[in-house]
Amino acid sequence: MKKILVATAVAAAFGVSGVQAAEDITVDVAVIGAGGAGLSAAVEAANLGAKVVVVEKMGMPGGNTIRAAGGLNAPCTSLQAAKGVQDSLEIAYFDTMKGGHWKNDPELVRTLVAGAGPAVEWLLALGGDLRDVGLLAGASKARAHRPTGGALVGPEVVETLYNAAKERKIDMRMNTEATKILMKDGKVAGLLVNSKKDGTYTIHAKAVVNAAGGFGANNELVSKYMPRLKGFATTNHPGALGEGITLSEKIGAQLIDMTEIQTHPTVVPKVGEMITEAVRGNGAILVNKDGKRFFNELNTRDAVSAAILKQKDSVAYLFFDADMQKSLKATNNYIKQSYCLKGETLDEIAGKMGVPAADLKASLAAWKEGKDAFGRADMPRNLDQAPFYAIMVTPAVHHTMGGVKIDPKPQVYNTDGQVIPGYYAAGEVTGGVHGGNRLGGNAQADIVTFGRIAGQQSYIYAMQAK
């Protein structure tokens, strides 16, 4: 119910009506999906002078982007420098490749890290607030850019891009699903779409950008590629069913890395709410039902998820104190929820958690010594300031790293290894960027960086096709 109310409020705030006339139209660039990647592509193409239409099957913009919490990873920004963070493209490249188990496409990763800093500057120029810089798991430097005070990044990115699209009078059609990618003489020629209100019509386009997202909410498809995830909950929005991948397959697109599916380690059981990685990045720890730490909280998501699944009942508690809570605005909502336990003393919080108080105190005493037995290098807080908080968490399906094969432009390739003329893709519908595991903060970097490039390249192609 909470998520429905939030979605309704966002739709109302953005003034989305979804009412369009059911008649064929002709544009330069047609974009599938009004999440971060699609809106980035649309705004950039429109900036260059293209006539653009965006179709979104849901009743509001945002997709999974609006649920993003942690930040946008970007090295070598002025905001990093102001905080004294010494980062480089090579360090960010190494962190991303290592985090993806070296399965990533190196050229895509180089494009990602080189374009992420300019993506932050671009969003700032559009009026966005990404002025807070923090550390997320798997990164060796603080490079996660988020709103002031550590607020959730996704809503800020979506609102910034949506407002930019409205200012440019981009034609955005909600409740309108792309049902077929049209081809002519071996080239993309537009889309067949279906509007909930007005039925089926054709969008004639010289170029198409597929930014339809992944398939994390389609457990049938998830478990087809990774059987052990059958029945898992998901952090994805209900529309993340993988239709963009299916549409691509029908025109011969090549798929890669489809078995690479990531779970997020800190999701509230039965509730499905994801607790942002920034909570751990700002100092929270994980303890099991025995009140003991068991792993480095800042390891990669796949490793932390696996460690939690080995604990009693496959759950753990995120534990933090008032000092950590005050450092991160994203926690303001969590502590209001019934799933968040609160205690004025360690004995009280241990009792509510159902863990031995002596063991919890011993874990915290070891933590305060400053040299971590689990190899965590960043230990920013003593976690000794009352009140204390604990949230039970377990892994859930979070990100699908596989999808259509692209190059840095990002052109889509067919099963013969050839570019499909006029077809571009960005975001979670693609494969190759994240390899075997995505680092927190890299999805936002991915969608804006490759979304912008897709907008630029689709415009260039469309102009040449005239």
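Read on for a plain summary of the structure. (Residues numbered from 1 in each chain as written. Predicted model: local features only at pLDDT ≥ 70, side-chain atom pairs only at ≥ 80, totals over all residues. Heavy atoms only, no water.)

**Focus on the nonpolar core**
Next up, step 1: Counting residues in each nonpolar core, the largest one holds 90 residues, and the members touching the most others are Val 52, Ile 170, Leu 191 and Ile 203.
Next up, step 2: Leaving out residues up to four positions away in the same chain, Val 52 has contacts with Val 29, Val 31, Ala 42, Ala 45, Ala 46, Ile 170 and Asp 171.
Next up, step 3: Listed in part, the 24 residues of the second largest apolar core include Val 279, Val 304, Ala 307 and Tyr 334. (Core = buried A, V, L, I, M, F, W, Y, C linked by side-chain atoms within 4.5 Å. Buried < 20%, exposed > 50% of the residue type's maximum accessible area, 1.4 Å probe, protein only. Contact = heavy atoms within 4.5 Å.)

**Notes on the sheet that holds strand β19 (residues 430-431)**
Next up, step 1: Spatially, β10-β16-β19 is the arrangement adopted by the three strands of the open sheet, whose pairing is mixed. Both edges of this open sheet fall to β10 (255-256) and β19, since each of them pairs with a single strand only.
Next up, step 2: In this sheet, strand β16 (residues 403-405) lies alongside β10 in antiparallel orientation, the contact comprising two bridges. The residue bridging Leu 255 from the neighbouring strand is Val 404, located in β16. (Pairing = 2+ DSSP bridges. Helix = DSSP H or I, 4+ residues; strand = E, 2+ residues; numbered from the N terminus.)

**A closer look at helix α8 (residues 243-250)**
Next up, step 1: Along α8, the residues classified as buried are Gly 244, Ile 245, Leu 247 and Ser 248. Looking down the long axis of α8, one finds its buried residues gathered within 160° of arc, a one-sided arrangement.
Next up, step 2: Contacts made by the buried residues of α8 are with β7 (176-184), β9 (199-210), β10, β16 and β18 (419-425).
Next up, step 3: With its phi angle positive at about 90°, Gly 252 sits one or two positions after the end of α8. (Arc of directions from axis to C-beta.)

**Focus: the pairing of β9**
Next up, step 1: Of the pairings in the sheet, the one linking strand β1 (residues 25-32) to β9 comprises seven bridges and is parallel in character. Bridge pairing in β9 links Ala 30 to Val 208.
Next up, step 2: For strand β8 (residues 187-195) and β9, the ladder comprises six bridges, and the chain directions are antiparallel. Counted as the bridge partner of Gly 190 is His 204 from β9.

**Examining the pairing of β7**
Next up, step 1: Taken together, the eight bridges between β7 and β8 define a ladder with antiparallel strand orientation. Bridge pairing links Ala 178 to Val 193 in β8.
Next up, step 2: The turn joining β7 and β8, which pair antiparallel and follow one another in sequence, is formed by two residues; a positive phi near 55° is taken by Asp 185.

**Considerations on the packing of aromatic side chains**
The geometry of an aromatic ring pair is captured by two quantities: the separation of the ring centres and the angle between the planes.
Next up, step 1: Under the criterion given, the structure shown has five aromatic pairs.
Next up, step 2: Geometrically, the ring pair formed by Phe 215 and Tyr 225 is tilted, given 6.1 Å between the ring centres and 50° between the ring planes. Of this pair, Phe 215 sits in the loop between β9 and α7 (219-225) while Tyr 225 sits in helix α7, and the two are ten residues apart along the sequence.
Next up, step 3: Overall, the relative accessible area of 0% leaves Phe 215 in the buried class.
Next up, step 4: Of the residues examined, Tyr 225 reaches a relative accessible area of 22% and is grouped as partly exposed.
Next up, step 5: Pairing Phe 319 with Phe 388 gives two aromatic rings, centres 6.0 Å apart and planes at 20°, and the pair type is stacked. (Phe/Tyr/Trp six-rings, centres within 6.5 Å; stacked < 30°, edge-to-face > 60°.)

Fair warning: the whole summary comes from geometry, so function is off the table for now.
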